[in-house]
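# Commentary on secondary and tertiary structure
Here's the letter readout for the chains.
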Amino acid sequence: MLILQKGIQNELVLNINNNSRTDYTGYTLTFTNVLSQEIKSYTISTSNTQVYASNDRYCEIILNFQNSGQDLNYEGQYQLQIFGNGTQLVYTGMARLDGTTEDNSFVEYISTDEDNSNFIYIQD
């Protein structure tokens, strides 16, 4: 499981290019929140040395969550899929987004089913 921090620059070290027969011009990282099913995608160009570096064994991808609108919205677990050139699945796994400060605010979702009194709390 990859551990990410909310609101900061995160460096991911992955082996998605290990033994690859295809040279990819870019990667698309798709994060799907396990609870809310919200999907957020990031596109990384392999020619941009500020966000991508590689060698024979692994590659390093930098995700900058510092700027407004670039961060993942919810803390918690995410399903991560990485696609080479936007279409070929090269990696799948889990990621966890941790907050940088304690914040007790949350968004409450109440079931519309009157017989079901379950509540779901999503950290905001």
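See the structure shown above.
Residues numbered from 1 in each chain as written. Predicted model: local features only at pLDDT ≥ 70, side-chain atom pairs only at ≥ 80, totals over all residues. Heavy atoms only, no water.

Let's shift gears to the overall build of the protein. For the protein, the count of helices and strands is 0 helices and 10 strands. Its helices and strands in sequence order give the protein the pattern β-β-β-β-β-β-β-β-β-β, from N to C terminus. When burial is assessed residue by residue, the protein has 31% of its 124 residues classed as buried. (Helix = DSSP H or I, 4+ residues; strand = E, 2+ residues; numbered from the N terminus. Buried < 20%, exposed > 50% of the residue type's maximum accessible area, 1.4 Å probe, protein only.)

Note on sheets: strands pair through backbone hydrogen bonds, and any given pair is parallel or antiparallel. Strand order in the open sheet formed by 3 strands is S2-S6-S5, and the pairing between neighbours is antiparallel. Every interior strand has two partners, whereas the edge strands, strand S2 (9-14) and strand S5 (52-54), have only one. Averaged over all adjacent pairs, the angle separating strand axes in this sheet is 20°, with direction ignored. Looking at chain direction, S5 and strand S6 (residues 59-64) are connected through 3 bridges and run antiparallel. Opposite Ala53, over in S6, you have Glu60 as the bridge partner. (Pairing = 2+ DSSP bridges. Axes fitted to C-alpha atoms, helices over the stretch in contact; angles between N-to-C directions.)

Leu4, Leu29, Phe31, Leu63 and Leu72 are the most contacted members of the largest nonpolar core, which totals 23 residues. Of all the elements in the fold, those that place two or more residues in this core are strand S1 (2-5), S2, strand S3 (26-33), strand S4 (39-45), S6, strand S7 (76-84) and strand S8 (88-98). Contact partners of Leu4, with chain neighbours within four places excluded, come to Asn10, Leu12, Phe31, Phe65, Leu72, Ala95, Arg96, Leu97 and Asp98. (Core = buried A, V, L, I, M, F, W, Y, C linked by side-chain atoms within 4.5 Å. Contact = heavy atoms within 4.5 Å.)

Moving on, we get to the packing of aromatic side chains. Taken as a whole and assessed by the stated rule, the structure comprises 5 aromatic pairs. The interplanar angle of 35° and the centroid separation of 5.9 Å between the aromatic rings of Tyr27 and Tyr52 together place this pair among those described as tilted. A residue pair is termed long-range when its members are at least 10 positions apart, and Tyr27 in strand S3 and Tyr52 in strand S5 qualify at 25 residues. Members of the aromatic cluster, connected to one another through ring pairs, are Phe31, Tyr42, Phe65 and Tyr78. (Phe/Tyr/Trp six-rings, centres within 6.5 Å; stacked < 30°, edge-to-face > 60°.)

With that settled, consider the environment of Phe31. Position of Phe31 relative to the elements: it lies in strand S3. By relative accessible area, which is 1% here, Phe31 ends up buried. The spacing of Phe31 and Leu72 is 41 residues in sequence and 8.3 Å in space, taken between C-alpha atoms.

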